[in-house]
Every structure is written in C-alpha cells, then in structure tokens.
Amino acid sequence: MLPSRYVKHSPASHESVSVQVLVLGDIGRSPRMQYHASSVARHGGRVDLIGYHESPPHPDLLANPRIKIHPLAPPPSLLKSRSIPFIIAGPLKVLWQIWTLISVLGYETLPARWLLVQNPPSIPTLAIALLISVLRNTHLMIDWHNYGWTILAGTKGRDHPFVKISKAYECALGQAAPTANITVTHAMKRQLERPPYNVKAPILVLHDRPASIFQTLKSIQDRRDFLEKLPETRDFASNIVGGQTKLIVSSTSWTPDEDFSLLLDALVKYATEETSHPIIAIITGRGPQKAFYEEKIQELQKAGKLPNIRILTAWLTMEDYAKLLSCADLGICLHMSSSGVDLPMKVVDMFGSGLPVAAYSGYESFSELVKEGVNGCGFETAEELAAILQRLFSKEGLAELRTLREGAKKESDLRWDEEWDRVLGRVLGVID
C-alpha cells in the first residue's frame with residue numbers, strides 16, 4: 001500500500017506548515033537539525049524529527065508539543081561486529097536503514113509539506129528522501145553539511161571503487177532530488193553550482209549560529225560556582241579563576257578528520273618552556289578513537305612529558321558544556337575539513353559563549369568563520385599551536401587574548417533564530 005500524500009492547505013497558515021526533519025545519525029549529537037526543528041515549531045509549524053535516539057536531545061525539543069521525535073531502530077549489533085566482513089555487513093546495514101527509513105518517513109509519520117534531510121550521510125538517505133518526496137507530494141530540501149564521499153575518501157582513499165560510486169551517487173541525487181538546498185558556507189554553494197555537482201535547484205547559505213543556550217557568564221562568581229561544581233575542574237577552580245592555571249576546551253568526535261595528536265604534540269612542546277602556565281585541558285565528546293588517545297595520554301603522562309598539564313576527557317550535558325565553554329580561557333578546534341568547504345559548529349558554540357579559538361586553518365572556508373587576530377588564531381602544525389598557547393598565555397599576550405575574546409563576543413551577536421528567520425522562514429512558509 002502506498003503512503004498517504006500531502007494535501008496543500010489553501011490559504012496556508014503558519015500552523016499548517018509541517019516539516020519532517022531527518023538525520024541518519026544521533027539526534028542528540030546533531031545540533032543544527034535540532035535547531036531547525038525548534039525554529040519551525042517556534043513559528044507554529046509541526047515537526048517530526050527523525051533519527052537515532054542515542055544521547056539526550058535538547059530539553060526544549062522534548063518539552064515542545066509541536067515537535068515529535070521518531071526514533072529509528074538501530075541496525076542489529078551483529079551487523080556492527082568485526083567478525084562479519086564489511087563487504088557483507090555494509091550492504092545488509094544499508095538494507096536495514098532503507099527499511100526503517102521507509103517505515104518511519106512513509107507510514108509512521110503524517111505526510112508533510114517539507115522533508116528537510118541532513119547530508120551526509122548520503123547513502124541511503126538521499127535516495128529514500130527523494131522516493132518519499134515523490135510518493136507523498138512533499139518538497140525536498142537538502143541541508144549540505146559536507147559531502148559523504150569526501151569523508152569516505154578520508155579512510156579509503158579517493159581512488160577506492162566505493163568512493164567513486166559514492167561520489168557519482170551523491171552528485172546524481174544532488175542534481176535530481178531537491179526543491180531547494182541549504183549549505184553551511186558560501187564556498188560550498190559555489191562548489192555545488194560547478195562540476196561535478198552541477199546543482200540547478202536554488203541554494204541558500206545558512207551559516208551556523210549559536211543557539212541561545214550558549215551565553216557568556218555574567219560574573220566571576222558564576223564562573224567560580226560552576227567550576228567548583230563540575231567534577232573535572234573542582235580541584236582547580238580557584239587557580240583557574242585566579243589566572244594561575246589556564247583552562248582550554250576542545251570538543252571532538254574522535255574520528256580521523258580531527259587529528260588529536262596535533263593537540264597532544266603541541267602540549268608536549270608547550271610544557272618544555274619553563275615559564276609556561278599550568279594547563280587543564282578538557283576534551284569532550286565520544287567516538288571511535290577515544291580509547292586509543294586516552295591510552296596515548298596516559299603514556300605521555302607516565303613518561304613525564306606533560307608536566308603541569310592535566311588532560312581530562314568528559315561527556316557533558318548540553319547545559320554543562322555551554323557553561324564550561326564560557327568558563328574557559330581558549331577553545332581548541334582540530335576539525336580538518338574533508339571537503340575544504342564545511343565549517344565546524346563547535347567553533348560557533350565557542351563564539352556564542354564568548355570564547356576565542358585556536359583552530360586548524362588548512363581549508364578554503366576557514367576565513368568565513370574565524371578571523372585571524374579578531375576572534376581567533378589559525379594553525380596547521382603542532383609547533384604553530386604551541387606557539388599560540390605560549391603567546392596568549394604569557395603576560396605579554398593578555399591584551400591580545402582580551403581582544404580575541406571581545407571579537408568572539410561580537411561574532412555571537414547574530415544568533416541562530418535571527419539567521420534562520422532571515423534565510424529560511426519565508427521559504428518554508430512560517431513567516432510572511
């Protein structure tokens with residue numbers, strides 16, 4: 001039996017706008033898609049948010065009656081086992097995803113005016129989204145965060161057959177599928193308009209902006225209270241507030257596109273300088289390489305290569321993560337863009353909390369977010385990062401660090417709600 005089809009309301013009201021928001025990943029770790037859902041609901045629209053329910057979504061989503069979360073059933077654990085070769089497990093996992101996506105998008109949810117899908121992952125998401133949009137008379141919009149094929153190329157190489165197939169698939173679906181597209185940078189928009197993508201549908205640029213949860217702390221006492229509450233910083237709170245110890249924060253997915261050894265090597269080099277301030281480095285996030293680097297950190301500490309430096313890993317709620325950023329002296333971003341045209345949302349969150357950044361800068365779109373000497377500093381090697389830490393955490397660097405912090409605060413003046421309303425509100429029909 002075919003799925004029911006969307007019937008357009010005439011005249012359309014804001015309350016009649018319905019949107020399916022799809023991410024083939026963990027909803028709780030997909031902030032941009034959560035923000036889309038909140039924005040539609042804020043203007044009276046109805047949202048079905050579809051994805052894996054692994055970590056807690058933003059509390060505002062759970063409390064909003066206009067947003068309904070539809071968890072996708074995860075693939076059986078057997079398909080994740082290393083005992084089954086990828087050439088077998090991979091296709092079986094895709095078949096499982098096809099079945100769950102069609103079930104939820106086509107039958108569990110009501111037909112919607114719009115289907116907003118995150119890319120990547122591209123396989124099988126884009127193909128199923130196109131199929132559902134045709135069957136249910138739904139407008140399809142792709143939110144291009146990056147390219148699936150470039151991420152795959154990072155592990156298998158650009159000449160691997162799977163990578164070539166993935167690239168051809170992504171280009172073909174990008175041309176055929178959407179009513180409209182969103183990109184996170186102007187550089188990505190320009191790239192999609194050129195070969196091999198040749199996307200003809202309209203492309204809108206929606207830069208990531210911090211949500212309202214990311215704010216600067218109002219007083220030194222607020223900073224002290226939070227640091228004394230958080231287990232990872234409790235023992236160092238007085239020294240951090242007093243400036244004797246510097247607090248740096250980095251959020252990572254512990255994947256190959258973020259070379260964490262850059263930070264470790266930089267901290268080892270920084271620690272060799274006798275005049276260096278002690279550093280507490282808190283690394284948040286989960287991912288496949290976390291255990292590997294935790295072991296490497298222990299080895300460096302046992303070898304005495306990190307004197308006066310403590311590296312702690314943590315998994316925090318969104319509220320605690322936002323407050324931690326506002327308490328830190330410097331944010332570190334190790335994101336290495338596989339496509340060269342995406343941007344790390346973690347830097348946006350840092351700016352929203354008034355936190356300047358030192359970020360890996362070796363890709364085309366870097367300057368769309370981080371302005372050298374204004375709100376942050378760029379680096380490409382461990383030596384360059386170590387030099388930034390030495391300079392900013394020295395007496396001579398206090399004025400520069402204050403300047404960068406003011407630049408970060410200024411960058412956060414434009415928030416997600418204002419940017420979303422300007423770019424997407426009228427397109428989706430929730431703003432006149």
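Note that this is a predicted model, so its numbers are computed, not measured. The residue numbering used here restarts from 1 in each chain and proceeds along that chain's sequence as written. Whole-chain, interface and lining totals are the exception, using all residues; otherwise, since this is a predicted model, local features are given only for residues with pLDDT of at least 70 and side-chain atom pairs are given and counted only at 80 or more. Heavy atoms from the whole structure form the basis of all side-chain values; hydrogens and water molecules are not counted.

All right, on to the sheet that holds strand E13 (residues 376–379) then. Should DSSP find at least two bridges between two strands, the strands are regarded as paired. Put simply, DSSP H or I for four residues or longer makes a helix, DSSP E for two residues or longer makes a strand, and each gets a number counted from the N terminus. What the six strands build is an open sheet, ordered E10-E9-E8-E11-E12-E13; its pairing is parallel. Two strands close off the open sheet at either side, each with one partner strand: strand E10 (309–314) and E13. The average undirected angle you get between the axes of adjacent strands in this sheet is 20 degrees. Pairing geometry for strand E8 (residues 246–251) and strand E9 (residues 279–284), over six bridges, is parallel. Bridge pairing links Ser-250 to Ile-283 in E9. Inter-axis angles, ranging from 0 to 180 degrees, are taken between N-to-C directions of lines fitted to C-alpha atoms, where helices are fitted over the stretch in contact.

Looking now at the packing of helix H3 (residues 86–108) against helix H4 (residues 125–135). Axes are the key here: two packed helices are described by the angle between their axes and the distance separating the axes. The N-to-C vectors of H3 and H4 enclose an angle of 35 degrees; their axes lie 10 Å apart at closest approach. Seen from above, H3 lies across H4 with right-handed handedness. Together, Ile-98, Leu-101, Ile-102, Leu-105 and Gly-106 of H3 and Thr-125, Ile-128, Leu-131 and Ile-132 of H4 make up the contact between the two elements. Split into classes, the residues belonging to the contact of H3 with H4 amount to seven nonpolar, two polar and no charged. The hand of a helix crossing depends on one turn: near helix anticlockwise from the far one by less than a right angle means left-handed, and clockwise means right-handed. Whether two residues touch is decided by their heavy atoms; if any such pair falls within 4.5 Å, the residues are in contact. Asp, Glu, Lys and Arg are counted as charged, while Ala, Val, Leu, Ile, Met, Phe, Trp, Tyr, Cys and Pro are counted as nonpolar; the rest, among them Gly, fall into the polar class.

Mapped onto the elements, Ser-276 comes out in the loop between helix H10 (261–271) and E9. We define a polar contact as two N or O atoms separated by no more than 3.5 Å, with the added condition that, inside protein, one atom must be a possible hydrogen donor and the other a possible acceptor, whereas residues neighbouring each other in sequence contribute only through side-chain atom pairs. At 2.8 Å, the side chain of Ser-276 forms a polar contact with the side chain of Gln-390. The contact partners of Ser-276, leaving out residues within four places of it in the chain, are Tyr-270 and Gln-390.

What follows deals with helix H13 (residues 345–352). Taking burial as the measure, the eight residues of H13 include eight buried ones, the bulk of the element. Looking at the buried residues of H13, the elements they touch are helix H1 (31–42), E8, helix H12 (318–327), strand E11 (330–333), strand E12 (357–360) and helix H15 (398–411). Phi for Gly-354, located one or two positions after H13, is positive at around 75 degrees. Relative accessibility decides the category of a residue: with a 1.4 Å probe and only protein chains considered, values under 20% of the type maximum give buried, values over 50% give exposed, and everything between is partly exposed.

Residue Pro-124 follows Ile-123 across a cis peptide bond; omega there is -5 degrees. With respect to the secondary-structure elements, Pro-124 resides in the loop between strand E4 (114–119) and H4. Residue Pro-195 is joined to Pro-196 through a cis peptide bond whose omega torsion reads 5 degrees. Topologically, Pro-196 is positioned in the loop between helix H7 (186–193) and strand E7 (203–205). Of note, Asn-137 is a non-glycine position whose phi angle comes to about 60 degrees, a positive value. Its location among the elements puts Asn-137 in the loop between H4 and strand E5 (139–144).

For the rest of this paragraph, the subject is the packing of aromatic side chains. Aromatic contacts are taken between Phe, Tyr and Trp rings whose centres are within 6.5 Å, Trp giving its six-membered ring; a plane angle under 30 degrees counts as stacked, one over 60 as edge-to-face, and the others as tilted. Summed over all chains, the structure comprises 11 aromatic pairs. On the basis of an interplanar angle of 25 degrees and a centroid distance of 4.7 Å, the ring pair of Tyr-147 and Tyr-197 is categorised as stacked. Here Tyr-147, found in the loop between E5 and helix H5 (148–156), pairs with Tyr-197, found in the loop between H7 and E7; they are 50 residues apart in sequence, far enough to count as distant. Grouped by ring-pair contacts, the aromatic residues Trp-254, Phe-260, Phe-292 and Tyr-293 constitute a single cluster. When the NZ atom of lysine or the CZ atom of arginine is within 6 Å of a ring's centre and also within 35 degrees of its normal, the charge is said to sit over that ring. Sitting over the face of the ring of Trp-149, Lys-167 holds its NZ or CZ atom 4.5 Å from the ring centroid.

By definition here, a salt bridge exists when the distance from a side-chain nitrogen of Lys or Arg to a carboxyl oxygen of Asp or Glu is within 4 Å. Tallied over the entire structure, the rule returns 14 salt bridges. We note a salt bridge from Arg-190 to Glu-364, for which the minimum N-O separation is 3.7 Å. Of this pair, Arg-190 sits in helix H7 while Glu-364 sits in the loop between E12 and E13, and the two are 174 residues apart along the sequence. Look at Glu-364 and you get partly exposed, because its relative accessible area is 48%. Salt-bridge contacts for Lys-409 lead to Glu-406; the nearest nitrogen and oxygen are separated by 3.7 Å. In this pair, Lys-409 and Glu-406 both sit in helix H15, three residues apart, roughly one turn of the helix. For Glu-406, a relative accessible area of 48% corresponds to the partly exposed category. Taken together, the salt bridges that share partners define one network made up of Arg-32, Asp-143 and Asp-208.

Turning our eyes to something else, we now look at a nonpolar patch on the surface. Nonpolar side chains collect at one region of the surface, where Phe-86, Ile-87, Ile-88, Leu-92, Leu-95, Phe-162 and Ile-165 lie side by side and expose about 720 Å² of accessible area between them. Per element, the largest residue contribution to the nonpolar patch is five residues, and it comes from H3. One can find Ile-87 in helix H3. Surface patches are defined over residues having more than 30% relative accessible area and no salt bridge, joining like charges when they lie within 9 Å and nonpolar side chains (Val, Leu, Ile, Met, Phe, Trp, Tyr) when within 5 Å. Note on areas: Shrake-Rupley with a 1.4 Å probe; residue coverage comes only from the protein chains shown.

The next subject is the pairing of strand E1 (residues 18–26). In terms of burial, E1 is a largely internal element, nine of the nine residues being buried. Summarising the sheet, E1 and strand E2 (residues 46–52) pair through six bridges and their orientation is parallel. Of the residues in E2, the one forming a bridge with Leu-22 is Ile-50. Following the chain from E1 across H1 to the adjacent parallel E2, one finds a crossover that is right-handed. Here E1 runs beside E4; their pairing, made up of four bridges, is parallel. The handedness rule is simple: strands pointing away from the viewer, and a clockwise path from the first strand over the helix to the second, make the crossover right-handed.

Take the confidence of the model for the protein next. pLDDT is defined as a per-residue confidence score from the predictor, taking values between 0 and 100. Taken over all residues, the pLDDT of the protein has a mean of 92, while the share at 70 or more is 98%. Across the protein, the secondary-structure element scoring lowest on mean pLDDT is H5, at 89, and the one scoring highest is E5, at 98.

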